[in-house]
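Reading the structure
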Amino acid sequence: MAAGLLPRFDNFFDLFRIGIWGTFALGLAYGAIRVVILVLKFRGSGDWPTVDGKTIGPGQVKTSYGDRSADYDAEITYEYEVSGTSYRGSHRLKSFKQKQQAEDFLLEHMPESTAVVVHYKPEDPGTSMLELDPYEFDDDEPISLNLEQKK
């Protein structure tokens with residue numbers, strides 16, 4: 001009787017298709033859960049108090065794999081102090097297609113002991129994020145409308 005409750009699969013491809021769609025659905029659910037966790041973790045971070053911090057070491061290049069190629073992410077580790085307690089955090093700055101580009105970027109823009117501004121969560125000072133100028137590390141520049149100023 002219990003066997004009649006289970007679906008019948010006439011061939012392997014039906015089972016395979018269900019497995020593929022199930023994996024896809026689980027991946028989407030995982031991604032949605034991660035986004036919700038990050039939103040909750042950093043909600044209101046623009047209003048968090050700030051402290052001065054500094055980078056530790058020259059930074060690291062982390063490899064991440066996309067659909068068809070590897071990306072090299074320039075990541076820094078920083079330290080800061082809140083109420084006499086030291087904390088550390090990390091921040092991924094930018095991705096590159098070549099490892100050497102990422103290494104050069106870190107050496108040029110974020111050498112060891114670079115001063116950074118750290119926002120920390122008041123209820124949990126170990127949760128932090130950096131305050132960075134988006135144009136400082138981006139090849140894009142602000143849009144110029146080429147308007148002449150009249151005197």
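The structure displayed is predicted, hence computed values, not measured ones.

It is worth spelling out the confidence of the model for the protein chain at this point. Predicted confidence across the protein chain gives a mean pLDDT of 80, with 75% of residues reaching 70 or more. When the elements of the protein chain are averaged for pLDDT, helix α1 (residues 12–42) gives the smallest value, 80, and strand β2 (residues 70–82) the largest, 93. Taken together, the stretch residues 141–151 has pLDDT below 50 and engages in 2 contacts with residues farther than four places along the chain or on a different chain.

Before going further, it helps to examine unusual backbone geometry. Among all residues save glycine, negative phi is the norm, and among peptide bonds the norm is trans. Positioned with a positive phi, Ser83 is a non-glycine residue whose angle comes to about 50 degrees. Examined against the element boundaries, Ser83 turns out to sit in the loop between β2 and β3 (85–96). Even without being a glycine, Ser113 presents a positive backbone phi close to 70 degrees. Mapped onto the fold, Ser113 is located in the loop between α2 (99–109) and β4 (115–121).

Take the pattern of salt bridges next. Side-chain pairing between opposite charges can occur once the charged atoms of the two side chains come close. Per the counting criterion, the structure on display carries 5 salt bridges. Linking Lys62 and Glu75 is a salt bridge whose minimum nitrogen-to-oxygen distance equals 3.5 Å. Of this pair, Lys62 sits in strand β1 (residues 50–65) while Glu75 sits in strand β2, placing them 13 residues apart in sequence. Using a relative accessible area of 31% as the deciding quantity, one classes Lys62 as partly exposed.

Another point: the packing of aromatic side chains. Tallying each qualifying case throughout the model produces 4 aromatic pairs. Measuring from centroid to centroid gives 5.3 Å for Phe96 and Phe105, while their planes differ by 50 degrees, and the two rings are tilted. On the basis of relative accessible area, Phe105 is assigned to the buried category, the value being 7%. Feature note: the residues Tyr78, Tyr80 and Tyr87 constitute an aromatic cluster, connected by ring pairs.

Okay, a nonpolar patch on the surface next. Side chains of Phe12, Phe13, Phe16 and Ile20 sit close together on the surface and give an oily, nonpolar patch of about 470 Å² of accessible area. By secondary structure assignment, the location of Phe16 is in helix α1. Judged by relative accessible area, which is 46%, Phe16 ranks as partly exposed.

What counts, and at which threshold
- Residues numbered from 1 in each chain as written.
- Predicted model: local features only at pLDDT ≥ 70, side-chain atom pairs only at ≥ 80, totals over all residues.
- Heavy atoms only, no water.
- pLDDT = per-residue confidence, 0-100.
- Helix = DSSP H or I, 4+ residues; strand = E, 2+ residues; numbered from the N terminus.
- Contact = heavy atoms within 4.5 Å.
- Salt bridge = Lys/Arg side-chain N within 4 Å of Asp/Glu carboxyl O.
- Buried < 20%, exposed > 50% of the residue type's maximum accessible area, 1.4 Å probe, protein only.
- Phe/Tyr/Trp six-rings, centres within 6.5 Å; stacked < 30°, edge-to-face > 60°.
- Patch = residues over 30% accessible without salt bridge, like charges linked within 9 Å, V, L, I, M, F, W, Y side chains within 5 Å.
- Areas by Shrake-Rupley, 256 points an atom, 1.4 Å probe, with all protein chains shown as cover.

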